[in-house]
Amino acid sequence: MASFATMASGSGSSNSTNMKGLVSYIAALRQARHREAEEKVVRQEMAHIRQQFRQQLNGYQKKKYLSKVCFTYILGYEVDVGHMEAVNLIASSKYSEKQIGYLALTLLMHENSDLIRLVVNSIRKDLDDLNEVHNCLALHAIANIGGSEMAETLAPDVHRLLISPTSRSFVKKKAALTLLRLYRKSPEALSDVPDWAARIVAIMDDDDLGVATAVASLVMTMAQDHPDAFANAYPKAVDRLAKIIVEEDYSEDYLYYKVPAPWLQVKLLRLLQYWPASDDETIKATIHNVLDHIVQNSQNTPKNVQRNNAQNAILFEAINLAIHLDTESAVVAKASVLLGKFILSRETNVRYLGLDTMAHLAACVESLEPIKMHQKTIMHSLRDRDISVRRRGLDLLYSMCDVDNARSIVGEMLRYLQVADYALREELVLKIAILTEKFATEYAWYVDTILQLISSAGDHVGEEVWFRVVQIVTNNEDVQEYAATKAYEHLQSSSCHENLIKVGGYVLGEYGHLIANNPGASPIEQFHALHSRSHLCSQPTRALLLSTYVKWLNLFPEIREQLLYVLKRYTHVLDSELQQRACEYVALAERPDGSDELLQAVCDEMPPFPEKSSLLLGRLQKKHGDTNDKRTWIIGGKEVNRNRDEARLESLRRGPANGGAMPTTKAAGAAAPPSVIPAGGQQSNGAGIDDIMAGLEGLDMSVQPGGVGVTNGMGENGGEAGESSYTARAPLIDHGGDGEESADRTASSIKPTTTGVGVAAPSSSSAAPPLVFPPSITKSYLKTAFSNEGVLYEDGSLQIGLKTEFHGSRGRLALYLGNKISVGFTSLSLRVRPHPEEPDVANPAIKASMSKLPPSSLGAMTQIQQVVDVSCRGVATYPPLLHVEYLAGSLQSLVLPLPVPMSKFISPVPPGSLGGPAQFFERWKALEGEGRQAQRVFGGFKLSRETKSGVDEGRMRRVVEKGLRLGLLEGIDPKSENVVAAGLWYCDEATTEVGGGTTTSTASKVGILLRLEPNAAARQCRCTVRSTRGDVSAEVARLVVCALGGDAGLLLDLKGARAGVEGAQPAA
């Protein structure tokens, strides 16, 4: 209490003596012996404060009395004064008064308060103030109050403080966390987030690790909703992790028990899981190196608890990232061994994290054998003393279940159900029901397990479970007799839950006649078994039993009197639903004409339910819920997580059950159980985004045409279990058949592609901004495209030069970035991405990647070199793009085309290798025809400098030989001014295995013949290119026109240029 008085008085000793009134008030409250005395002091003081607030007070007096109001509120008393005084103090120029005003504001007001509008302008004024302390007070108030109105009004000002180059580190940290608070509170109010993304991501390179940590939290939250806008955060996170872990580049101030910036490491490792795995080899190698260092550093367990906790936090997040990237990597293999040790640890936190991470591994890995080795230990975790560990053990058992271990896992879950916590039972019931249905290989085991589950779980069995049982039994004739037998046996037990009565009532009503001839199961005995329990049931259950009785009127004439007696008694009950139902059934049974045809039609056997998707998984997903930090995986097997890294926010692919269905032996019973169900089958035609749950039910209900039937009391809920049509009848276990094709088509249509830096490219459905190149790039691109070195771009602050080297289908570009000003560049970002017009962005014709991660800064008046490796995989119509971003006061962004035309991958044919003119023209004629030749007539080429009228043959030959890299063939053409050349184009053709497997490349080469026929008088030239591939000929012809005609616009205006080349007619 004394510390509050000191804070309210100010930091100086002279001020603390002036707040005697507050000190006396606190002392009086402390001296109160009981509650009544304390309330008396509070009432007296509040009355005095109200009286004082009616008078004219100076700033100090307002501060003093407002401090008392705040202290009273902190004690838990309701306060109805001081709001306007707090608003007035915020506008004060004195720090101590402004501080108390903001303190009162955050305590006494909430986001929906009417007075918020009065303080918005004062808060904005403090945000614009040059005093950093005033900035921080305003940021604290915004973060504590929040609200959509404050977010809409002040978020741009907070963002401005965050990105301002003059803001100090502690202001940037508070601004980042304030913006995070506003976004979490009202994400819809911050509509400018995609526009802010580039500038926010740039701050991740800040030298202050505290700023980087705060911004990482902000980016991690926003990137979950805007992955495309924050794609540049991926390489920056990798670069920062490499600096901290591998290069050990960090400040000593951020060492936590000898672990550098553990919170930042964990956030960055989690951030990388929000995008698909990178296809950039440099980033892949860097991430692998980082993960390997983390695993190596965790080999030795430190004795210090805090250091051990920090290391484990980093390690578990690194394992999650490794699983996300590649479940078959060496890091995951090492991690699986470590996880086996962690789940045996004595520390509860370590066991919890070990089980959770192993569940992630089980949800993504192809083979569950390494996890099955620890199955006994995992089952033992269900008896752990900590309920959170028991939850994670249950999740892991659910995720690692397949056909081979389904019976043991389900059996263990059923045993645990008897002693499980009540908070876990409903979720446990859902998981048992899902696993039983998903991995059942014979109907007998499914029926026995589900009925045992309903019998033992009692009230924890939701309606979805017994609805599903009814669906499956109705749609499969082989299981109907066995289900009726088992349901009747459970009804004869001493205790029978109401859900089991519902199942028994439906099954016996529909299929009781199948067991009516069995000993002890006569119609009258079935009736007594059900009716003897009806008085303990609820109204919906008794309504279902009435439907069962009317079904029996049609099936069992021998017990007609007993059934009508019960139905007539229900015509006098008070419940309107039961009364109406009974009256209608009696009217059907006792028609005046004595005909039973209508009764037989109404009570006909229920037709099969149309199959849609299991309601069980939908209920389970609601139980798991969601958090602000979205999961990058779903609890369950690999089929529900398949391709989730590529379409995490869109859809889940439907895949076959893990392990497949294995035939089992035939079970014995009173009634012969159905035969073993073979593997194979079909899926529903409705596979798609909303059909993700259908992958978790292996049991298949086929649709058969049927008549009208009584609903058996299921009402609307029964029909809800299936609403769409289903294909022909299929076996018990669903392993994907014809329906999988539609699932693959759906997944492929929504599958985002990855870019050169390994992040998701913007979807085609979103309106991508137009591609804009700097105006000066046209001429420089033309020069560098047909030479080995040159300046690609230059402005007042930056120069980008390059040198190139090519051999066959591969090459290297050495980029030289020079800073021409006296201020250094920060947050430097270099990315190489495919052109957005590429037909296949995932496999572009020119694959470009950086050999190492670029530095994040460029000093004043200095130069750096960055090497880009390129390879040709097809006819290069569109050049790869170089994205350059850097901070020099403001964020500068450039998009430059890399000069890598197809001619760079052409090697000249040595002179004489094609023989003389006869041999050449023989080859030339062999390549004649449509699909092999491209011909263009163009003008604009230069005349000879000497004659001013003739053709500049020297330049033409230099361009063909040096620029287009074709070998000149002298003495071939009869006309000396004509140019004949030949070359070999090298390419690594990319091929992808059927089904979306791994992509491989096959080396190939294509011979090219070129003939140029200039006409000096007309100042035109005819270019003819022939090869075995028409697309190669067309592209080379386009490059010839660009190089000799000097048409730089044609070189970059690819759509029009391509159409012009392909549509050109041979010249006369």
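Looking at an unreviewed UniProt entry, the protein carries the name AP-2 complex subunit alpha, with the source organism given as Jaminaea rosea. Regarding the protein, the relevant UniProt record gives this comment under Function (unreviewed entry): "Adaptins are components of the adaptor complexes which link clathrin to receptors in coated vesicles. Clathrin-associated protein complexes are believed to interact with the cytoplasmic tails of membrane proteins, leading to their selection and concentration."

**Describing the overall build of the protein**
Each helix and strand counted, the protein has 43 helices and 16 strands in total. Counting contacts in the protein only where the partners sit at least 6 residues apart, residues at least 24 apart contribute 72% of the total. Of the roughly 46,300 Å² of accessible surface on the protein, a fraction of 49% belongs to carbon and sulfur atoms.

**Section: the environment of Q1020**
Relative to the assigned elements, Q1020 resides in strand β16 (residues 1020–1027). A relative accessible area of 40% places Q1020 in the partly exposed class. In sequence terms Q1020 and F938 are 82 residues apart; their C-alpha atoms lie 5.6 Å from each other.

**Structural notes on unusual backbone geometry**
A positive phi angle is found at E248, which is not glycine, with a value near 55°. The phi angle at R1019 is positive, at roughly 55°, despite the residue not being glycine. Mapped onto the fold, R1019 is located in the loop between β15 (999–1015) and β16. With relative accessibility at 47%, the residue R1019 sits in the partly exposed group.

**A few points about the nonpolar core**
Membership of the largest hydrophobic core comes to 199 residues, with the highest contact counts inside it found for I123, L162, L179, L190, L271 and I371. When residues in this core are grouped by element, the largest group, 11 residues, is from helix α13 (residues 209–225). Built from parts of two domains, this core gets at least three residues from each of domain 1 (1–10 + 17–274) and domain 2 (463–621). Look past the residues within four positions of L162 in its chain and what remains in contact with it is K172, A175, A176, L179, I200, I203, V215 and L218. One finds Y781, L815, A876 and L968 within the second-largest nonpolar core, a separate group that totals 68 residues.

**A word on the sheet that holds strand β9 (residues 881–888)**
The strand order β6-β9-β10 describes an open sheet built from 3 strands, whose pairing is antiparallel. Looking at strand neighbours, the two that pair on one side only are β6 (826–833) and β10 (890–897), the edges of this open sheet. Shown here is a sheet whose adjacent strand axes are inclined to one another by a mean of 10°, direction ignored.

**Brief notes about the pattern of salt bridges**
If you walk through the whole model with that rule in mind, you get 41 salt bridges. Note that R1011 is salt-bridged to D973, the shortest N-O span being 2.7 Å. With R1011 in strand β15 and D973 in the loop between β13 (967–968) and β14 (979–992), this residue pair connects regions lying 38 residues apart in the sequence. A relative accessible area of 11% places D973 in the buried class.

**Regarding the side chain of K551**
Relative to the helices and strands, K551 resides in helix α30 (residues 539–555). K551 sits in the buried class, given a relative accessible area of 2%. Within the structure, K551 has its side chain in polar contact with the side chain of E510 (distance 2.8 Å). A distance of 2.9 Å separates a polar side-chain atom of K551 from the backbone oxygen of D604.

**Things to note about the packing of helix α27 (residues 477–491) against helix α28 (residues 498–511)**
Contact geometry of α27 with α28 gives a least axis separation of 9 Å together with a crossing angle of 135°. Overall, the two elements α27 and α28 adopt an arrangement that is oblique. Considering the relative orientation of α27 and α28, their crossing is left-handed. From α27, Q480, A483, A484, A487, Y488, H490 and L491 reach across to α28, where they touch L500, I501, G504, V507, L508 and Y511.

**So, helix α26 (residues 463–475)**
For α26, with 13 residues, the first-to-last C-alpha span of 18 Å sits near the 18 Å given by 1.5 Å per residue. All buried positions along α26 are accounted for by E464, V465, W466, F467, R468, V469, V470, Q471, I472, V473, T474 and N475.

**With respect to the pairing of β10**
As paired strands, β9 and β10 are joined by 8 bridges and run antiparallel to one another. For L887, the partnering residue across the bridge sits in β10 and is L891. Remark: 1 residue form the turn of the hairpin made by β9 and β10, two consecutive strands paired antiparallel; G889 in that turn has positive phi of roughly 90°.

**Considerations on the sheet that holds strand β4 (residues 798–807)**
An order of β3-β4-β5-β8-β7 is seen for the 5 strands of this open sheet, with the pairing classed as antiparallel. Taken across any chain shown, the strands that pair with only one partner, and hence form the sheet edges, are β3 (789–794) and β7 (846–850). Direction aside, neighbouring strands of the sheet carry axes that sit 25° apart on average. Note: β7 against strand β8 (residues 863–872), 5 bridges, orientation antiparallel. Of the residues in β8, the one forming a bridge with A848 is V870. Sheet strands in contact with helix α38 (residues 777–785) are β3 and β4, and its direction is about 165° off that of β3.

**Quick notes on the packing of aromatic side chains**
Enumeration according to the criterion identifies 14 aromatic pairs in this entry. Note on F806 and F905: the rings are 5.3 Å apart at their centroids and 85° apart in plane angle, and the pair reads as edge-to-face. Within this pair, whereas F806 is found in strand β4, its partner F905 is found in the loop between β10 and β11 (906–908), the two being separated by 99 residues in sequence. Pair check on accessibility: F806 and F905 agree, each one buried.

**Considering the environment of D386**
Its place among the elements puts D386 in the loop between α21 (375–380) and α22 (387–400). In this structure D386 comes out as partly exposed when scored by relative accessible area, which is 26%. For the pair D386 and Y352, spaced 34 residues apart in the sequence, the C-alpha separation amounts to 9.2 Å.

**Side note on the environment of L927**
Note that L927 resides in the loop between α39 (917–926) and β12 (933–939). With a relative accessible area of 12%, L927 lands in the buried category. Taking the C-alpha atoms as reference points, L927 and I1008, separated by 81 residues in sequence, lie 9.9 Å from one another. Among residues more than four places away in sequence, those in contact with L927 are R932, L1009, R1026, S1027 and T1028.

**Section: the packing of helix α24 (residues 422–438) against α26**
Their axes nearest at 11 Å, the elements α24 and α26 cross at an angle of 15°. For the element pair α24 / α26, the angle class is roughly parallel. Classified by chirality, the crossing of α26 by α24 is left-handed. Contact residues: V429, L430, A433 and E437 in α24; V465, R468 and I472 in α26. The class makeup of the residues in the contact of α24 with α26 is 5 nonpolar, no polar and 2 charged.

**Brief notes about the pairing of strand β5 (residues 810–819)**
For β5, the buried fraction is high: 7 of the 10 residues fall into the buried class. Direction of pairing for β4 relative to β5: antiparallel, over a ladder of 10 bridges. Bridge pairing links G801 to Y816 in β5. The loop that links β4 with its antiparallel partner β5 comprises 2 residues; one of these, G808, has a positive phi angle of about 65°. Examined bridge by bridge, β5 and β8 share 9 bridges and lie antiparallel to one another.

**Focus on the confidence of the model for the protein**
Taken as a whole, the protein shows an average pLDDT of 79; of its residues, 80% reach a score of 70 or greater. Long-range and interchain partners of residues 645–767, a stretch whose pLDDT sits below 50, account for 301 contacts in this model, where long-range means more than four residues apart. Here residues 1054–1068 scores under 50 on pLDDT; set against residues more than four positions off or in separate chains, the count is 29 contacts.

**Here we look at the side chain of Q265**
Here Q265 is to be found in helix α15 (residues 262–271). In this view, Q265 contacts L241, I244, I245, P260 and I314; residues no more than four positions away in its chain are not counted.

The rules behind each value
- Residues numbered from 1 in each chain as written.
- Predicted model: local features only at pLDDT ≥ 70, side-chain atom pairs only at ≥ 80, totals over all residues.
- Heavy atoms only, no water.
- UniProt positions renumbered as here; feature names shortened; annotations may be inferred.
- Helix = DSSP H or I, 4+ residues; strand = E, 2+ residues; numbered from the N terminus.
- Contact = heavy atoms within 4.5 Å.
- Areas by Shrake-Rupley, 256 points an atom, 1.4 Å probe, with all protein chains shown as cover.
- Buried < 20%, exposed > 50% of the residue type's maximum accessible area, 1.4 Å probe, protein only.
- Core = buried A, V, L, I, M, F, W, Y, C linked by side-chain atoms within 4.5 Å.
- Domains from an automatic or database assignment.
- Pairing = 2+ DSSP bridges.
- Axes fitted to C-alpha atoms, helices over the stretch in contact; angles between N-to-C directions.
- Salt bridge = Lys/Arg side-chain N within 4 Å of Asp/Glu carboxyl O.
- Polar contact = N/O pair within 3.5 Å; in protein donor to acceptor, adjacent residues only side chain to side chain.
- Parallel < 35°, antiparallel > 145°, perpendicular 65-115°, else oblique.
- Left-handed = near helix turned anticlockwise from the far one by under 90°.
- Expected span 1.5 Å × (residues − 1).
- Phe/Tyr/Trp six-rings, centres within 6.5 Å; stacked < 30°, edge-to-face > 60°.
- Nonpolar A, V, L, I, M, F, W, Y, C, P; charged D, E, K, R; others polar.
- pLDDT = per-residue confidence, 0-100.

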